[in-house]
Amino acid sequence: MKDIMGLMKQAQAMQQKLQDAQAALDNVEVEGTAGGGVVTVKVTGKGALKAISIDPSLMNPDEKEILEDLIVAAMNDARAKAERAAQERMAELTRGLPLPPGLKLF
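Residues numbered from 1 in each chain as written. Predicted model: local features only at pLDDT ≥ 70, side-chain atom pairs only at ≥ 80, totals over all residues. Heavy atoms only, no water.

### Some thoughts on the sheet that holds strand β1 (residues 29-34)
Then comes step 1: With antiparallel pairing, 3 strands are arranged side by side in an open sheet as β1-β2-β3. The open sheet terminates on both sides in strands that have one partner only, identified here as β1 and β3 (49-54). Adjacent strand axes in the sheet meet at a mean angle of 15 degrees, parallel and antiparallel pairs treated alike.
Then comes step 2: As paired elements, β1 and strand β2 (residues 39-44) share 6 bridges and run antiparallel to each other. Opposite Gly32, over in β2, you have Val41 as the bridge partner.
Then comes step 3: Contacting β1, β2 and β3, helix α2 (residues 64-94) crosses the sheet at an angle of about 145 degrees to β1. (Pairing = 2+ DSSP bridges. Helix = DSSP H or I, 4+ residues; strand = E, 2+ residues; numbered from the N terminus. Axes fitted to C-alpha atoms, helices over the stretch in contact; angles between N-to-C directions. Contact = heavy atoms within 4.5 Å.)

### Concerning the UniProt feature "coiled-coil region" (unreviewed entry) in the protein chain
Then comes step 1: As annotated in UniProt, the feature "coiled-coil region" (unreviewed entry) corresponds to residues 4-31 in the numbering used here.
Then comes step 2: The span residues 4-31 carries 75% helix and 11% strand; its end-to-end C-alpha distance comes to 44 Å. (UniProt positions renumbered as here; feature names shortened; annotations may be inferred.)

### Notes on the environment of Gln22
Then comes step 1: With respect to the helices and strands, Gln22 occurs in helix α1 (residues 2-24).
Then comes step 2: We classify Gln22 as partly exposed; its relative accessible area is 30%.
Then comes step 3: Taking the C-alpha atoms as reference, Gln22 lies 8.7 Å from Gly45; in sequence the two are 23 residues apart. (Buried < 20%, exposed > 50% of the residue type's maximum accessible area, 1.4 Å probe, protein only.)

### Points about the confidence of the model for the protein chain
Then comes step 1: When the pLDDT values of the protein chain are averaged, the result is 82; 88% of them are 70 or greater.
Then comes step 2: At the low end of the mean pLDDT range in the protein chain sits α1, at 77; at the high end sits β3, at 91. (pLDDT = per-residue confidence, 0-100.)

### A short note on the pattern of salt bridges
Then comes step 1: Within this structure, the stated rule accounts for 2 salt bridges.
Then comes step 2: In this structure, Glu68 and Lys64 form a salt bridge, with 2.5 Å as the shortest nitrogen-oxygen distance. Taken together, the residues span about one helical turn, with Glu68 and Lys64 both in helix α2 at a distance of 4 residues.
Then comes step 3: Notably, a salt bridge pairs Asp77 with Lys81, separated by 3.4 Å at the nearest N-O pair. Here Asp77 pairs with Lys81, and both are found in helix α2, just 4 residues apart, close to one helical turn.
Then comes step 4: Given a relative accessible area of 22%, Asp77 falls into the partly exposed group.
Then comes step 5: We classify Lys81 as partly exposed; its relative accessible area is 28%. (Salt bridge = Lys/Arg side-chain N within 4 Å of Asp/Glu carboxyl O.)

Below, the structure written as structure tokens:
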């Protein structure tokens, strides 16, 4: 019975660590870029858009589609970086725990 109680305590501690890690991701900011840096976006670790910067040279009505594509590319770059940051934090928290491969906690 002691083993079950110990496991329960570990599970509760892990749950608290996961909640803390998820809350901390709101404070993590990553930057995504496209077009050699002419479009830059900043997002939180959870993927919420915080800021966008567009080089004035792209403010040409004839290049509207290019600008739109660059914004999408920059967002995708930032989202990928945010996901990597979340995975790195989770790896730190779950190191040494017998979790099944491929289990996603975020």
